[in-house]
Number of protein chains: 2
Amino acid sequence: MARALELAERGPAYGPNPRVGCVLLGPASQGRALPDGAAPDSLDPYPRPVLAEGYHQGAGTPHAEAAALADARARGVDVTGATAVVTLEPCAHTGRTGPCADALVAAGVAEVVHAVADPNPVATGGAHRLRAAGVRVVRGLRAAEGEELLRVWLTSVRRGTPYVTLKTATTLDGYVAAEDGTSRWITGPAAREHAHRVRAEVDAIVVGTGTLLTDDPALTARVRAHDAASAERLAEHQPLRVVVGLRGIPPTARVRGEGGELVHLLTRDVGQVLERLAEREVRHVLVEGGPTLATAFLAAGAVDELHAYVAPVLLGSGRRAVDGLGVATIADAHRFRTVEVRRVGDDALVVSRKSTEGRVG
Amino acid sequence: MARALELAERGPAYGPNPRVGCVLLGPASQGRALPDGAAPDSLDPYPRPVLAEGYHQGAGTPHAEAAALADARARGVDVTGATAVVTLEPCAHTGRTGPCADALVAAGVAEVVHAVADPNPVATGGAHRLRAAGVRVVRGLRAAEGEELLRVWLTSVRRGTPYVTLKTATTLDGYVAAEDGTSRWITGPAAREHAHRVRAEVDAIVVGTGTLLTDDPALTARVRAHDAASAERLAEHQPLRVVVGLRGIPPTARVRGEGGELVHLLTRDVGQVLERLAEREVRHVLVEGGPTLATAFLAAGAVDELHAYVAPVLLGSGRRAVDGLGVATIADAHRFRTVEVRRVGDDALVVSRKSTEGRVG
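Basis of the calculations
- Residues numbered from 1 in each chain as written.
- Chains lettered and ligands numbered in written order.
- Predicted model: local features only at pLDDT ≥ 70, side-chain atom pairs only at ≥ 80, totals over all residues.
- Heavy atoms only, no water.
- Helix = DSSP H or I, 4+ residues; strand = E, 2+ residues; numbered from the N terminus.
- Rg over C-alpha atoms; globule rule 2.2 N^0.38 Å.
- Buried < 20%, exposed > 50% of the residue type's maximum accessible area, 1.4 Å probe, protein only.
- UniProt positions renumbered as here; feature names shortened; annotations may be inferred.
- Contact = heavy atoms within 4.5 Å.
- Buried area = accessible area lost by both parts, 1.4 Å probe.
- Salt bridge = Lys/Arg side-chain N within 4 Å of Asp/Glu carboxyl O.
- Polar contact = N/O pair within 3.5 Å; in protein donor to acceptor, adjacent residues only side chain to side chain.
- Nonpolar A, V, L, I, M, F, W, Y, C, P; charged D, E, K, R; others polar.
- Pairing = 2+ DSSP bridges.
- Axes fitted to C-alpha atoms, helices over the stretch in contact; angles between N-to-C directions.
- Core = buried A, V, L, I, M, F, W, Y, C linked by side-chain atoms within 4.5 Å.
- Lys, Arg positive; Asp, Glu negative; His and termini not counted.
- Least-squares fit on C-alpha atoms with pLDDT ≥ 70 in both.
- Arc of directions from axis to C-beta.

Undergrad: Help me out: how do you make sense of the overall build of chain A in this one?
TA: Along its length, chain A carries 10 helices and 19 strands. Since a compact globule built from 361 residues should have a radius of gyration of about 21 Å, the 23 Å found for chain A is in line with a globular shape. On the principal axes, the C-alpha backbone points of chain A span a range of 75 × 50 × 40 Å. Put simply, chain A has 361 residues, and 53% of those count as buried.

Spelled out as structure tokens, the structure:
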């Protein structure tokens, strides 16, 4: 399963589909078998020969199980009686590809071990279908790691709305700009580069019309070009560029330039924004500001993850990152759970998640 | 010198005296000698036998050189022709102990290698006195590491006023309390424990009368007792408890309880506070708040180091850590240089220093 998780991570973080990895192991007779049913979370007792492996490379390409079966065929390996170790329960529906459960049965696989059950209403039922065909199914192996890897996708599928990451870039005292509006640069180049890597992993970036008109951002995901130290180029994947608000987008706005598709949502309602994006199969939204939009998402309880870049700078006054959440007393504060604290150049990055996230689903 | 620096660190971080370590090495004939004068910063070419070593354990105890010579006597080792490797230039004055330069000469030491020159006006001149007695003197070996270790003491001695560390404990959006004044707890127990360890390393803690009257802090350095998981006891070293401001200290204030000496400075002037503390041989001051005092120290440009504990919490409004620095545009922001970013429990700790600090002295 450790290998399957490793393979899964090679898939793209963006896109409508989950990142899944699959390893086909030699028959159980060559090793020890787990009983049908649930597996202890951390156990991985499969010291058996690896026959083939595969992972999902994004919407429109084969699922991990199909990729592993294709790998076996390419190697000329017989998978009859094999164990398929897969990070997510094999699907039972026909989408752009056929049901993986059927493909595994057809290939003669005798056992399927998966980390996480499929919550997708249209794809679930794989385990049932496998058992009906006489395949032994073990679930929950390294489930915590599987859940962590699929966190964004699982949250989005279970809830039916995109996973929301809010990005802020502030001074140590919580400002995004000085009193006169100047803000270049509060955080440093390393933090900006990191933020661009995050942009290249999400499906959509959202800003309000206020930010659009003030900062004129391009909202593209850029990466440093390898051939020139200072040059940048567009990343391979460009997220949707979503502008929220009732004001118009100027014809000369940089957001109309090269990059992801531009979407203007004529609403100020957070719920409506998320529904419209869910319709487009957006799983992961990055909210980049400004303060009005950030505050609206926070007030709506719609922020799943917070990326706070904090610069070693004090302003004492200016434009705040978040403005008025209606919190009067400390017990009502919006409290997140820290996932990671790291130094990015001269800045700090604090990644935290909704405190109640563990209870989702 | 690496060993000498290691020894130096064993000394107390608080107190009027610098942390110094000294290693006595076998005569130069047994190894390679450096030419008299300056040494390259990173070189440490002394693969010679260690005869003895010592470090300074705080005011009133022997200096590192004296401790190392005593160690040699205790071991019955002859140090004639030896090299003394010491983190700070040996002193040339008689204080609570005699001049180390003379003691080294009397012991027959042939060579002295030190990392940092002594800037203390009453103690400097050791190298001159040694050379006059025919001792070879090499300076600047691992000077950068020596400067870092002695940073607080060197800054304080060179400038004549204490090194100032400002501590803040805020939400990600820069608040120390909610609108109704509630603040327990914004940062978590690990951050508080860490802050107490810092208190035990400084000479004085300073708060304003506002904080004293609002929070009634004890201003003691407490450590977790080893015998009980939840119990705390006072740390061995207790910093001065300094209250700044014109209002009185209530007779029942916790700051009057067990702990360091209580000092009430009837002023609001930062310069006066620092002068009064310098008179008491305070080298390191920890400013703990509240916002008025923190802002005053920042506005005066008197903050050398910033310890910002940041909790994964958003309030959107409330009482700010710093309030009004008179900064109108981003170019005038108070910018620090990050030294360390680390996770402390569920909070982040960002340690930064004055950007111009490298230019001090």
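Undergrad: Even after reading the chapter, I still don't get the UniProt feature "active site" (unreviewed entry) in chain A, so can you show me in this structure?
TA: Residues and elements named next belong to chain A. Look at the UniProt record and you will see "active site" (unreviewed entry) annotated at Glu 65. Locating Glu 65 in the fold gives a position in helix H2 (residues 64-75). Its relative accessible area of 4% is what places Glu 65 among the buried residues. Residues contacting Glu 65, with those up to four places away along its chain left out, are Cys 22, Val 86, Leu 88, Pro 90, Cys 91, Cys 100 and Leu 104.

Undergrad: In this structure, what is going on with the interface of chain A and chain B? I would like to understand it.
TA: A common way to express how large an interface is: the accessible area buried when the components associate. Facing the 48 residues of chain A at the interface are 48 residues of chain B. A combined buried area of about 3,700 Å² lies between chain A and chain B, and 57% of that area is made up of carbon and sulfur atoms. If you sort the residues of chain A by the area they bury against chain B, Leu 172, Leu 314 and Ile 330 of chain A come out on top, with a joint share of 18%. Across the contact surface, chain A and chain B share zero salt bridges. Across the chain A-chain B interface, the total number found is 26 residue pairs in polar contact (both at pLDDT 80 or more). If you list the elements that add at least two residues to the side of chain A that touches chain B, you get strand S15 (305-311), strand S16 (313-314), strand S18 (334-344) and strand S19 (347-354) of chain A. Examining the composition of the side of chain A that touches chain B, we find that 10 residues originate from one element, S18 of chain A, more than from any other. Partitioned by chemical class, the residues of the side of chain A that touches chain B number 24 nonpolar, 11 polar and 13 charged. As paired strands, S16 of chain A and strand S18 (residues 334-344) of chain B are joined by two bridges and run antiparallel to one another. Among the inter-strand pairings, Val 313 of chain A is bridged to a residue of S18 of chain B, identified as Arg 335 of chain B.

Undergrad: Mind showing me how you'd approach the environment of Thr 170 of chain A here?
TA: In this fold, Thr 170 of chain A is placed in strand S7 (residues 163-171). For the pair Thr 170 of chain A and Arg 320 of chain A, spaced 150 residues apart in sequence, the C-alpha separation works out to 8.2 Å. With near-sequence residues (within four places) excluded, Thr 170 of chain A lies in contact with Tyr 175, Val 176, Ile 186, Tyr 309, Val 310, Ala 311 and Ala 321 of chain A together with Leu 172 of chain B.

Undergrad: What exactly am I supposed to notice about the UniProt feature "binding site: NADP(+)" (unreviewed entry) in chain A here?
TA: Residue and element names in this part refer to chain A. Per the UniProt record, "binding site: NADP(+)" (unreviewed entry) is found at Ala 169, Trp 185, Arg 199, Thr 211, Asp 215, Gly 290, Pro 291, Thr 292, Leu 293, Ala 294, Thr 295 and Ala 296. The largest pairwise C-alpha distance within this set of annotated residues, which runs over 128 residues, is 24.8 Å, so the set is dispersed in three dimensions. With respect to the secondary-structure elements, Ala 169 resides in strand S7. For Ala 169, a relative accessible area of 24% gives the class partly exposed. Excluding residues within four positions of it along the chain, Ala 169 makes contact with Tyr 175, Val 176, Thr 187 and Tyr 309. Along the chain, Gly 290 turns up in the loop between strand S14 (284-289) and helix H10 (291-299).

Undergrad: For this particular structure, what's the right way to read the sheet that holds strand S13 (residues 262-265) of chain B?
TA: Remark on secondary structure: sheet strands pair via backbone hydrogen bonds, oriented parallel or antiparallel. Read across the sheet, nine strands follow the order S16(A)-S18(B)-S19(B)-S15(B)-S7(B)-S14(B)-S9(B)-S12(B)-S13(B) without closing on themselves; strand pairing throughout is mixed. Of all the strands in the sheet, just S16 of chain A together with S13 of chain B have a single pairing partner and so form its edges. Bridge count between strand S9 (residues 204-208) of chain B and strand S12 (residues 240-244) of chain B: five bridges; the pairing is parallel. In the sheet register, Val 207 of chain B faces S12 of chain B, and the bridge partner there is Val 243 of chain B. The sheet contacts of helix H6 (residues 151-159) of chain B involve strand S7 (163-171), strand S14 (284-289), strand S15 (305-311) and strand S19 (347-354) of chain B, and relative to S7 of chain B the element is tilted by about 125 degrees.

Undergrad: Just to check I follow, could you spell out the nonpolar core for this structure?
TA: Note that soluble globular proteins tend to have their nonpolar side chains buried in a common cluster. Of all hydrophobic cores here, the largest spans 90 residues; its most connected members are Val 242 and Phe 297 of chain A together with Val 242 and Phe 297 of chain B. Setting aside its immediate chain neighbours within four residues, Val 242 of chain B contacts Ala 204, Ile 205, Val 206, Val 207, Val 263, Leu 265 and Leu 277 of chain B.

Undergrad: What is the right way to look at H6 of chain B in this model?
TA: What sets the pattern is the α-helix's 3.6 residues per turn: residues three or four places apart point alike. All names here are of chain B. Where burial is concerned, most of H6 is hidden: seven out of the nine residues are buried. Among all positions of H6, only Arg 151, Val 152, Trp 153, Leu 154, Thr 155, Ser 156 and Val 157 are buried. Immediately beyond the C-terminal end of H6, within one or two residues, lies Gly 160, with a positive phi of roughly 85 degrees.

Undergrad: Explanation requested: the side chain of Asp 118 of chain B in the structure shown.
TA: The residue Asp 118 of chain B is located in the loop between strand S5 (111-116) and helix H4 (126-132) in this model. Here Asp 118 of chain B sits buried without a salt bridge, and the closest side chain of opposite charge, Arg 158 of chain B, lies 8.6 Å off (N-O distance).

Undergrad: Looking at this structure, I do not really get the relation of the copies chain A and chain B. What am I missing?
TA: Once chain A has been moved 0.1 Å along the axis and rotated by 180 degrees, it coincides with chain B to within an RMSD of 0.1 Å. Both copies are brought into coincidence by an operation consistent with a two-fold rotation axis. Measuring from the rotation axis to each C-alpha of chain A, the shortest distance belongs to Gly 174 of chain A, at 2.3 Å. Of the interface residues in chain A, 100% have counterparts in chain B that sit at the interface too, so the contact is made through matching surfaces.

Undergrad: Just to check I follow, could you spell out helix H9 (residues 270-279) of chain A for this structure?
TA: All names here are of chain A. Inspection of H9 places Val 270, Val 273, Leu 274 and Leu 277 among the buried residues, and these make up the whole buried set. The arc that holds every buried residue of H9, seen down its axis, measures 95 degrees, which confines them to one face. Where H9 begins, one side-chain oxygen reaches toward the backbone nitrogen of Gly 271, 3.1 Å away; that side chain belongs to Asp 269. Positive phi appears at Glu 281, one or two residues downstream of H9, with a value of about 60 degrees.

Undergrad: Quick question: what am I supposed to make of the sheet that holds S7 of chain A here?
TA: The mixed open sheet is built from nine strands, whose spatial order is S13(A)-S12(A)-S9(A)-S14(A)-S7(A)-S15(A)-S19(A)-S18(A)-S16(B). Of all strands in the sheet, those bounded by a partner on one side alone are strand S13 (262-265) of chain A together with strand S16 (313-314) of chain B. In the packing of helix H6 (residues 151-159) of chain A onto the sheet, the strands contacted are S7, S14, S15 and S19 of chain A, and the crossing angle to S7 of chain A comes to about 125 degrees.

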